[in-house]
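# Descriptive structure summary
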Amino acid sequence: MSSWRSASSPLENITQAVASRPDIAARALQKKYLLSVIIPCHNESSNIAPLFERTRTALEHTGQFWEMIFINDGSTDDTLLQLLSLRERENCITVIDLSRNFGKEAALTAGLDHARGDVAIPLDADLQDPPELIPELFAKFLEGYDVVNAQRLHRDGEPLAKRLSSFLFYRLLGRISNITIPQDTGDYRLLSRRVLDALQRMPERRRYMKGLFAWTGFRSTSVAYRREARHTGRSNWNYWRLGQLAIEGITSFSHVPLQLASFSGMIIALSSFLYAAYLVIETLLYGNSVKGYPSLMVAVLFLGGMQLLALGIIGEYLSRSYEESKQRPIYLVQDTWSSPIENTDIQQENA
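Below: a short report on this structure. (Residues numbered from 1 in each chain as written. Predicted model: local features only at pLDDT ≥ 70, side-chain atom pairs only at ≥ 80, totals over all residues. Heavy atoms only, no water.)

### Concerning the overall build of the protein chain
Counted only if it meets this: Each helix is a run of H or I in the DSSP string that is no shorter than four residues. Each strand is a run of E no shorter than two, and both are numbered from the N terminus. The contact definition used throughout considers only heavy atoms, calling two residues in contact when any of these lie within 4.5 Å. A 1.4 Å probe and the Shrake-Rupley method give the accessible areas. Residues count as covered only by the protein chains that appear here.
Counting its regular elements, the protein chain contains 13 helices and nine strands. The long-range share in the protein chain, meaning contacts at least 24 apart out of those at least 6 apart in sequence, stands at 85%. Accessible surface, the protein chain as shown: approximately 18200 Å² in total, 58% of it carbon and sulfur.

Below, the structure is given as C-alpha cells:
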C-alpha cells in the first residue's frame, strides 16, 4: 500500500473554496500535489485522535495526495504510544521521535526537513488552529502564492492578558524588525516546496520560525480565521516561555535593542555633562553648597540600572553568537517510523 492518501474523486471533493474558481479547479486537475502536514507534539495524548480525524477529513476535501508528519518532542505522557498506534492503522503517517524535548521551533524544523510534499502545512496539535482551513489555504496556493498565512481575527479561550501581550508584541516586532512579519499570525500556514528548500539552507540554531517564514520573501497572502479554544489539556506555553520566544524573535530579526542601548548611553552621557556644567557654574556663582543625599542616590542607581540593562541586551546578542559558534545540531532524532514506499505512485498518476 502507498504511504500517501488521495481522495477518490479529484474534483467533487474539492471544497467550495476551490470549486468556486474554475481556473483553480482546472489547475488542481492538471496535477496531483502532495500535501505534507507537520504536527509537533509535546504531551498531547488526548488530542491525537480528534486531531487526526479532523485533519484527514480536511485533506481529503482537497482531492490531493497527503501525508501527516508527527514529531514527538520529548513527551512525558503516552503521546508516542498514541502516535504509533495510529500509524499501525494509517500508513499515511510518519512519526519522528526526538531524543529529548528540543522545543517547538526545533520540532517544527525537524518536520519541515522530513516533508516530501509539494507544500507543507505546520499545524499545532491542540486544535486551536482548525484543520478545516486547509482547503482554503490550498486554494490560495493554486492561485500562485508560495506562502499562505493563516491570520487570527479572534483568539477564543485565552485570557485577556495573553491576547493583549500577543497583540502588542506583533506590532512592536513589526515596527522594529528589518523585515515585514505578518501580524497576528502563528506557525499555521501553507509553504510551497521552494520555500521549504530555502528554509533548509538556513543553518541557524536559535530559530524564530515565524520570522524565517517571512524572511524568505516569496509571494504571500493571508486567510483570516477565528482561533478556537484548546481542545483538551493545558498549554505548555506559560508566560515565561512566551517571553523567551518574544525575546528570540526580537533579537533574531532586529538590532533596535542594541541601538536603543547606545542611544540611551549617549543621552545619559550628554545629560551628565550638562548637569556637571550646571554644578560648576552654580559653584562659581553661589559657592560650594552641599547637595542632598537622595538626589545623589537616585543618580547612582539610575546610571547603574541603565548600565546593567545595556549589558543585558548585549549579553542576549552575544549568547546567540556563542550558540551559533558551537554548531550543534538543531535537533536529534531517536527513531523514525515512516513508510518505505516512495512517491512513485504520484509520479505515475501525474504521467
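So much for the structure itself; the text now carries on.
### A look at the pattern of salt bridges
Put simply, the rule reads: Here, a salt bridge means any Lys or Arg side-chain nitrogen found within 4 Å of an Asp or Glu carboxyl oxygen. For every residue, the accessible area obtained with a 1.4 Å probe (protein chains only) is divided by the maximum for its type, and the residue is called buried under 20%, exposed over 50%, and partly exposed between those limits.
Overall, the coordinates contain 10 salt bridges when judged by the stated rule. For Arg54, the salt bridge identified is with Glu132, shortest N-O distance 2.9 Å. Residue Arg54 is found in helix H3 (residues 48-60), and its partner Glu132 is found in the loop between strand E5 (119-122) and helix H6 (134-142); the two are separated by 78 residues along the sequence. The partly exposed category is assigned to Arg54, whose relative accessible area is 23%. The residue Lys210 makes a salt bridge to Asp187 at a minimum N-O spacing of 3.6 Å. With Lys210 in helix H9 (residues 209-215) and Asp187 in strand E7 (residues 185-192), the pair connects residues that are 23 residues apart, well separated along the chain.

### What about the environment of Val195?
Within the secondary structure, Val195 sits in helix H8 (residues 193-199). Relative accessible area serves as the criterion here: at 0%, Val195 is assigned to the buried category. Along the primary structure Val195 and Val147 are separated by 48 residues, whereas in three dimensions their C-alpha atoms are 7.7 Å apart. With residues near it in sequence (within four places) discarded, Val195 still touches Asp146, Val147, Thr216 and Phe218.

### Some thoughts on the packing of aromatic side chains
Applied cut-off: Pairing of aromatic rings covers Phe, Tyr and the six-membered ring of Trp, with a centre-to-centre limit of 6.5 Å; geometry is then stacked below 30 degrees between planes, edge-to-face above 60, and tilted otherwise. Charge-over-ring contacts are defined here by two conditions on Lys NZ or Arg CZ: a distance within 6 Å of the ring centre and an angle within 35 degrees of the ring normal.
By the definition in use, this model includes four aromatic pairs. Judged by centre distance (6.0 Å) and plane angle (70°), the rings of Tyr33 and Phe138 are edge-to-face. In this pair, Tyr33 sits in the loop between helix H2 (22-30) and strand E2 (34-41) while Phe138 sits in helix H6, placing the two residues 105 residues apart along the sequence. Every member of this aromatic cluster is reached through a ring pair, and the members are Tyr33, Phe138 and Phe141. Between the NZ or CZ atom of Lys32 and the centre of the ring of Phe65, over which it lies, the distance is 5.7 Å. Sitting above the plane of the Phe102 ring, Arg100 keeps its charged end 4.0 Å from the centroid.

### Digging into the side chain of Arg189
To keep it simple, the criterion reads: Under the counting rule used here, the positive set is Lys and Arg, the negative set is Asp and Glu, and His together with the chain ends is not counted. Under this definition, polar contacts are N or O atom pairs within 3.5 Å; protein pairs additionally need one hydrogen-donor-capable and one acceptor-capable atom, and for neighbouring residues in sequence, both atoms have to be side-chain atoms.
One can find Arg189 in strand E7. Within the buried set, Arg189 has no salt-bridge partner at all; the shortest N-O distance to an opposite charge, 5.2 Å, is to Asp187. A polar atom in the side chain of Arg189 sits 2.3 Å from the backbone oxygen of Gly186. Discounting residues that sit within four places of it in the chain, Arg189 has contacts with Ala120, Ile121, Pro122, Leu137, Val147, Val148, Asn149, Ala150, Lys210 and Phe213.

### Details of the pairing of strand E3 (residues 65-72)
A regular strand places its side chains so that they alternate between the two faces of the sheet. To keep it simple, the criterion reads: A pair of strands is considered paired only if DSSP assigns at least 2 bridges between the two. Clockwise travel from the first strand over the helix to the second, with the strands pointing away from the viewer, marks a crossover as right-handed.
Within E3, eight of the eight residues are buried, leaving the element largely enclosed by the surrounding structure. Side chains Phe65, Glu67, Ile69 and Ile71 project from E3 onto one buried face, and the interleaved Trp66, Met68, Phe70 and Asn72 project onto a second face that is buried too. Direction of pairing for E2 relative to E3: parallel, over a ladder of eight bridges. The partner of Ser36 across the bridge, within E3, is Glu67. With helix H4 (residues 79-89) bridging E3 and the parallel strand E4 (residues 93-98), this β-α-β connection has right-handed handedness.

### A short note on H4
What counts here: To obtain the arc, one takes the directions from the helix axis to the C-beta atoms.
Of the positions making up H4, those classed as buried are Thr79, Leu83 and Leu86. All buried residues of H4 project into a common sector of 65° when viewed along the axis, lining one side. Residues of H4 that are exposed and point over 90 degrees away from its buried face: Leu81 and Glu88. Each element contacted by the buried residues of H4 is listed here: E2, H3, E3 and E4.

### Remarks on empty space enclosed by the protein
Which entries qualify depends on this criterion: Note on definitions: the grid is 1 Å and covers protein atoms alone; a cavity is a set of points where a 1.4 Å probe fits but cannot get out; a pocket is an open set with protein on both sides within 12 Å along at least five of seven lines; lining residues have an atom within 4 Å of a point. Grid points are joined across faces, edges and corners, and a volume is the space filled by probe spheres set on the points. Gly counts as polar in this scheme, as do all residues outside two lists: the nonpolar Ala, Val, Leu, Ile, Met, Phe, Trp, Tyr, Cys and Pro, and the charged Asp, Glu, Lys and Arg.
Throughout the structure, instances matching the rule amount to one cavity of 30 Å³ or more. Put simply, the largest cavity is a space of about 30 Å³. Contributing to the lining of the largest cavity are Thr109, Leu112, Asp113, Leu199, Gln200, Arg207 and Met209. For the lining of the largest cavity, the element with the highest residue contribution is helix H5 (residues 104-114), accounting for three residues. Residues of the lining of the largest cavity, tallied by class, amount to three nonpolar, two polar and two charged.

### Description of the nonpolar core
Heads up, the condition is: Buried Ala, Val, Leu, Ile, Met, Phe, Trp, Tyr and Cys residues form a nonpolar core when they are joined through side-chain atoms within 4.5 Å.
Ranked by size, the top nonpolar core spans 36 residues in total, and within it Leu35, Ile39, Met68 and Tyr188 carry the most contacts. Met68 has contacts with Val37, Ile39, Phe52, Thr55, Arg56, Leu59, Cys92, Ile93 and Thr94, leaving out every residue within four places of it along the chain. Ile38, Phe102, Ala106 and Leu191 belong to the second largest nonpolar core, which has 24 residues in total.

### Some details on unusual backbone geometry
Non-glycine residue Leu127 carries a positive phi angle of around 65°. Within the element layout of this structure, Leu127 appears in the loop between E5 and H6. One non-glycine residue, Gln327, lies in positive phi territory at about 55°. By the element assignment, Gln327 lies in the loop between helix H12 (293-326) and strand E9 (333-337). Look at Gln327 and you get exposed, because its relative accessible area is 58%.

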